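Report on the structure
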Amino acid sequence: MIIKRPKFIFYFILTILIVFYTCKQDDQTRLQAGWSSKDPIAIPVNARNHEKNLGNLVKNPSFETGKIYYEESSIKSYDLNGWKKVGQNIFWVNSNSEEFLADEVFEGIHSVKIVRSNSDETEKIGEGIISDYIKVIPGNYSLKLKLKLKDIYPNQSRLGTKMYDAINIRLQYFDKNKIEIKGEELNAFTNSKLDNSFKAFSLSNYSHIKEFGWGEVFGKTANFPFFDGDIPDEARYVRIFIGLKGTGTMWIDQVDFRYTKQNFTLLERLKPYFDSSYMAYDMIFPQPKSIIKRKTIKYFEPDSSYYPVIVIPKNASKYITESAVKFRDYLIKNDSIFIDKIDIRNEIQLNDYSDRLVVSIGGTSIYEEFALNLPDSLISGKKEAYFIHQIDDLERVVFVKGNSSEAYQNAIKTLVQLFDNKNSTFYGADIIDYPDFKERAIVLNQFAGELDELKNIIELLQLNKFNSLYFSWNKDYSNYPFNSLMELENDELKFGAIVNISENPKQSDLSDLLKEKYHRIVLNSSDSLNCDEFNADKKCSSDFDIINEIRKTVVSKKYPAKLGFVPRWSNLSSIDKGYEDVYFYFYNLNQTINRDVELYWTGSSKYSSSVDYADLNRIRLIYNRAPSYIDNSLIGSEKRFKSDFIKQYYAGKIRIQSLFDPYHLNACNSFSDCSYNPKILLNLKKIDGLETIRALTAVDYFWDTKKYDADKSLWIVLNKLYGRNTAINLLYFNDAYFGLKEVCQKIENNGHQYKNVRVAKNFENLLKEYYKKLESDLDHALLKELEVYTADLMRKYNGLISNLE
């Protein structure tokens, strides 16, 4: 048979393409075989970015699409796109149907409902839904979903167990051939294996769930310090199972599974911002709840005598007057030409000031005239709320109105950020704003620098809307520099103290402490603030008598200080280890301690960086009230890599660390959504330049938990403090530092492999290059900190390399 030439060419090309594609697939498979969740940076950045940009990998995450099958006009069954049913008692909720209630759906019109009236103790999986295969690569993934629960009992309740896996959320892992692989994983921090498939850990220690309204639950295997979310290196597909082994009713909505930022270095995460240009609106810090841009206005010309004017009410309150003075002082401080030129007035006729920028603060006569056009209703009922507003036909008048003294203080701190003094420009904007956390506090444990340096840091934190400062107090209180800071206290900054009563302080010392101007004294009966969670055998005393005695003194002497208390068991991990003692303890606490004593907790674990609705709901049940939060997360990342074994086991994760990693508390949408007590104390091991950067990103989160973007927040902080070029150099320095640190650990682990030595040399050169660039740009204190880190690392590196010679 003779094949015609065109046909022959077609088959020849097709054969070449098939061979090429097959070879390419084989090469890709061999390449991926070396990828590991424990060393994510070794995976090509293009592959990681591709996986990240896919976003939510779950098909039909809110169950909005599917197909219904009818039989004689009644529903017989249904199929959900992207999901399969496991069992019979699974319903596809339609909120538009009379069969279901509106609150059975979190968002949209559909959800999944599981109803079980009985269950077997021997059940392996239960009833629920399972996703189709989801393609993955080695790395870290997050799983989140909205749940609603009612009358949930464990299927092994007869045996006295807690919930355990009665609420069964699992990730099933599969290799490239879709053959299931075990989810067994070593928890290197306890040197024991755990089931990394099980993801309902935050619900597993409930005994019974009577009522659990819609809330966001994180798919979690274990608490910090375990690297939760890492999948097995061999996994190329996963399936998500969400179901119920116990009895009760469970509703499911909005399932989210995605590749996380933990697979990237800080430099990789922030590089996209390098070419971005930000206007004054974008640089407002913390970012307001709502901002609508308006025209920019020239508020002063050098050849003009038209200066801005500030208007306040005739009988202005103290805090409105102080706000006006602070705003005027800001303008004068940044441009000496305004000295003695900017008036603060009670009355003006707008017609006489048509060419001037007029700033109306409070309920002025101008405000009263235009009140119907101003957004007072949008700040009503919200604490510390304010607006900055302009009217279309009156753009040279800026209205500033708040509903409390704190609101005016925060309004002025925002307003000044809209002024560019170099160009005498005001960036017009309509702003509605209020904080999520009403108390935004820093806890200082130690400081080794000059007192003036500490004062400057505190003033910077205050300027960026931290409003409380707590000192960790102990028997050496008289030697602390902290008591010298009391002179800084004003209406914008309140001081508090944390006292470790497990050290049995003298009553006379406590009495002296009460005489200070502290607005709150927190009595710590736990190790949460001062001891190491990894020492599980350490015992702490709890003394309700001391608390009641101090409270009695406060009441009788009419001291202004309010009291707080950190219980012996102050996080869910320690509570779960306390067994029955915990319940007697908290019963006695609620019977003994007055409810005007604020209670505090530290999250799901001591250094928790993840708190979901299940955690918040359980601590409220245990404490019998909504506690305030002491956040140790900024301390935890450093402690995670303390042991030599962890450094060896997770050598490939060293590079994702940072000297100034932004704050990233992973909480359920927002604490306000969780009906949480709106007070948070950010615990810092020390206060210095690097910690200040991290703390500033934290206040951005405290202000607006929903809109917070950790990487963007860090980029803005670095730009505001040091400028764009220095910010970039800092990020490259940080990347070189941890790059060299990681390679040093790999050399220790694996010996002097040529590749590691070559890579280490490259990082050494980069570290020196960017340190030299920073020498001329940074203030002395921060540069000194970087010098110490660099010197310590270079000593280790030189010691390793010297063995080659």
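1. So, the confidence of the model for the protein chain
Taken residue by residue, the protein chain gives an average pLDDT of 86. The fraction at 70 or more is 88%. Low pLDDT (under 50) marks residues 24–30, which in the prediction has two contacts with non-local residues, meaning those over four places away or in another chain. For residues 528–541, every residue scores under 50 in pLDDT, and the model assigns this stretch 37 contacts once sequence neighbours within four places are set aside.

2. Considerations on helix 17 (residues 724–750)
Between its terminal C-alpha atoms helix 17 stretches 39 Å, which fits the 39 Å expected from 27 residues at 1.5 Å a residue. Within helix 17, 20 of the 27 residues are buried, leaving the element largely enclosed by the surrounding structure.

3. What about the packing of aromatic side chains?
The full count for this structure, using the stated rule, is 41 aromatic pairs. Both rings, one in Phe 274 and one in Tyr 732, keep their centres 6.2 Å apart while their planes meet at 55°; by these two values the pair is tilted. Pair noted here: Phe 274 is in the loop between helix 3 (266–270) and strand 16 (290–298) and Tyr 732 is in helix 17, with a separation of 458 residues, a long-range link. Judged by relative accessible area, which is 8%, Phe 274 ranks as buried. Through successive ring pairs, a cluster of aromatic residues spans Phe 437, Phe 466, Tyr 663, Tyr 701, Phe 702 and Tyr 708.

4. Observations concerning the side chain of Ser 608
Along the chain, the position of Ser 608 falls in the loop between strand 29 (598–601) and strand 30 (610–611). Residue Ser 608 is classed as buried on the basis of its relative accessible area, which comes to 1%. Looking at Ser 608, its side chain comes within polar contact range of the side chain of Ser 604, at 3.0 Å. At a separation of 2.8 Å, a polar atom in the side chain of Ser 608 contacts the main-chain carbonyl oxygen of Ser 610. Ignoring anything within four residues of it in the chain, the contact list for Ser 608 reads Phe 224, Thr 602, Gly 603, Tyr 629, Asp 631, Ser 633 and Leu 665.

5. Some points on the sheet that holds strand 24 (residues 439–444)
With respect to topology, eight strands assemble into a closed barrel ordered 24-25-26-27-28-29-31-33, the strand pairing being parallel. Ignoring which end each strand starts from, the neighbouring axes of this sheet average 25° apart. In the sheet, strand 24 pairs with strand 25 (residues 468–473) via four bridges, with the strands oriented parallel. Across the sheet, Val 443 pairs through a bridge with Tyr 470, a residue of strand 25.

6. Notes on the pattern of salt bridges
Across all of its chains, the model carries 45 salt bridges by this definition. The shortest N-O distance in the salt bridge between Arg 294 and Glu 395 comes to 3.2 Å. Taken together, the residues span a long stretch of sequence, with Arg 294 in strand 16 and Glu 395 in strand 21 (residues 394–402) at a distance of 101 residues. When its relative accessible area of 19% is taken as the criterion, Arg 294 is described as buried.

Thresholds, definitions, all that
Residues numbered from 1 in each chain as written. Predicted model: local features only at pLDDT ≥ 70, side-chain atom pairs only at ≥ 80, totals over all residues. Heavy atoms only, no water. pLDDT = per-residue confidence, 0-100. Contact = heavy atoms within 4.5 Å. Helix = DSSP H or I, 4+ residues; strand = E, 2+ residues; numbered from the N terminus. Expected span 1.5 Å × (residues − 1). Buried < 20%, exposed > 50% of the residue type's maximum accessible area, 1.4 Å probe, protein only. Phe/Tyr/Trp six-rings, centres within 6.5 Å; stacked < 30°, edge-to-face > 60°. Polar contact = N/O pair within 3.5 Å; in protein donor to acceptor, adjacent residues only side chain to side chain. Pairing = 2+ DSSP bridges. Axes fitted to C-alpha atoms, helices over the stretch in contact; angles between N-to-C directions. Salt bridge = Lys/Arg side-chain N within 4 Å of Asp/Glu carboxyl O.

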